[in-house]
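Structural overview
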Amino acid sequence: MTQLKIEWGPATRLRVGRGPLDAERKLLEELDELLPVGAPDSDSLSHPVLLLVPSKSLRLHLLGRIVEHRGGAVLGLECRTHHALALELRERSGNPSPEGPDLFPLFARRLARREAPLRKSLDHLRDGYAAVLGAVRDLLDAGIDPAHVDALEEALSTERSRSSGPELERALALVRVAAGTVDALRSRGLSRGSILLQQATEVLARARGEMYKVRPASRVIVYGFNDATGVT
């Protein structure tokens, strides 16, 4: 399977690796060019190369491979997950990280119970509203926002010739539940992964997409994302 590595810097480049081993080899070669062996200068320490990865497990693997390849620690390099970077971007913008339990399932179940099309199908089942959590989570990960509801309802309404009435009503209800869940979490200062990523995106948007303005880095390398949600 082909993997992609995207580098953002003075000029955006896209490099293709023929599988994970080839992509890893190209990454090590590139880091050798960006961070030659020897004492780093002060600029490389204050503006390190940022290696962005999708998971903690890949981060630990790559750090181990880099140390093995270089024969020791590497100065001027940071490897972060996209979740950790999103937290940092939000904190650098002046917004502290909210604390508290993940109340997403509670709000989603409560809002689903208020929707007649869902209540008719699920209310008689034991914990029947758990069935909506996957679909609502997918909508949140796709970046749904309360401002999108009218447009999504209009788009779904065009499917009446392809879907039965009850199917369409359930789909419309799920959109309302997802948007309502986002609104409920935000209004209470709570967060979850998708909302955090949206907030970090807003920080970048205010910086016109130039991340170095809010997070010093000489180069950003995005590596290992084979499958990403809309907000990611």
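Report on the accompanying structure.

Calculation notes
- Residues numbered from 1 in each chain as written.
- Predicted model: local features only at pLDDT ≥ 70, side-chain atom pairs only at ≥ 80, totals over all residues.
- Heavy atoms only, no water.
- Helix = DSSP H or I, 4+ residues; strand = E, 2+ residues; numbered from the N terminus.
- Buried < 20%, exposed > 50% of the residue type's maximum accessible area, 1.4 Å probe, protein only.
- Contact = heavy atoms within 4.5 Å.
- Core = buried A, V, L, I, M, F, W, Y, C linked by side-chain atoms within 4.5 Å.
- Polar contact = N/O pair within 3.5 Å; in protein donor to acceptor, adjacent residues only side chain to side chain.
- Pairing = 2+ DSSP bridges.
- Salt bridge = Lys/Arg side-chain N within 4 Å of Asp/Glu carboxyl O.
- Axes fitted to C-alpha atoms, helices over the stretch in contact; angles between N-to-C directions.
- Parallel < 35°, antiparallel > 145°, perpendicular 65-115°, else oblique.
- Left-handed = near helix turned anticlockwise from the far one by under 90°.
- Right-handed = clockwise from strand over helix to strand, strands pointing away.

Within the protein chain, the secondary structure is distributed over ten helices and five strands. Across the 232 residues that make up the protein chain, the buried fraction comes to 37%. For the protein chain, restricting intrachain contacts to residue pairs at least 6 apart in sequence, the fraction spanning at least 24 positions comes to 70%.

On to the nonpolar core. Residues Leu118, Val132, Val136 and Leu140 are the most contacted members of the largest nonpolar core, which totals 20 residues. Contributions of two or more residues to this core are made by helix H5 (104-113), helix H6 (116-122), helix H7 (133-141) and helix H9 (165-187). Counting residues per element, this core draws most heavily on H9, at seven residues. Those residues within four positions of valine 136 in sequence are excluded, and the remaining contacts are Phe104, Ala108, Leu174, Val177, Ala178 and Thr181. In this structure, Leu28, Val49, Leu77 and Cys79 belong to the second largest nonpolar core, which totals 16 residues.

A separate point is the side chain of glutamate 88. Tracing the backbone shows glutamate 88 in helix H4 (residues 82-92). Residue class for glutamate 88 comes out buried when judged on its relative accessible area of 13%. If we ignore the near neighbours within four places in the chain, the residues touching glutamate 88 are Arg80 and Arg215.

Right, let's get into the side chain of aspartate 22. In this structure, aspartate 22 sits in helix H1 (residues 20-34). At 2.9 Å, the side chain of aspartate 22 forms a polar contact with the backbone nitrogen of arginine 18. With residues near it in sequence (within four places) discarded, aspartate 22 still touches Val16 and Gly17.

Despite not being glycine, aspartate 127 shows a phi value in the positive range, around 50 degrees. The partly exposed category is assigned to aspartate 127, whose relative accessible area is 46%.

In this section: the pairing of strand S5 (residues 219-223). With five of its five residues buried, S5 lies for the most part within the structure. The alternating pattern of S5 places Arg219, Ile221 and Tyr223 and Val220 and Val222 on opposite faces, both of which are buried. Relative to S5, strand S3 (residues 49-53) is paired through four bridges, and the arrangement is parallel. The partner of valine 49 across the bridge, within S5, is arginine 219.

Next up on the list: the pattern of salt bridges. A complete count under the given rule lists 16 salt bridges for this structure. The closest approach of N and O atoms between glutamate 88 and arginine 80, which form a salt bridge, is 2.7 Å. Here aspartate 145 and arginine 186 are joined by a salt bridge, their closest N and O atoms 2.7 Å apart. Of this pair, aspartate 145 sits in the loop between H7 and helix H8 (149-157) while arginine 186 is found in helix H9, placing the two residues 41 residues apart along the sequence. By sharing partners, the salt bridges in this structure join Asp22, Arg25, Lys26 and Glu29 into a single network.

Two numbers describe how H1 lies on helix H3 (residues 56-70): the axes approach to 11 Å, and their chain directions differ by 55 degrees. Here H1 lies oblique to H3, going by the angle between them. The hand of the H1/H3 crossing is right-handed. Only His61, Leu62, Arg65, Ile66, His69 and Arg70 of H3 make contact with H1, whose side of the interface consists of Glu24, Leu27, Leu28, Leu31 and Asp32.

All right, on to the pairing of strand S4 (residues 77-81) then. Alternating positions in S4 separate cleanly, Leu77, Cys79 and Thr81 being buried on one face and Glu78 and Arg80 remaining unburied on the opposite face. Note: S3 against S4, five bridges, orientation parallel. Each residue of the ladder has a partner; that of leucine 50, found in S4, is glutamate 78. Handedness of the crossover joining S3 and S4 through H3 is recorded here as right-handed.

Inspection of the secondary structure puts valine 203 in helix H10 (residues 193-206). Sequence-distant contacts of valine 203, defined by excluding residues within four places in its chain, comprise Leu89, Arg90, Ser93 and Val214.

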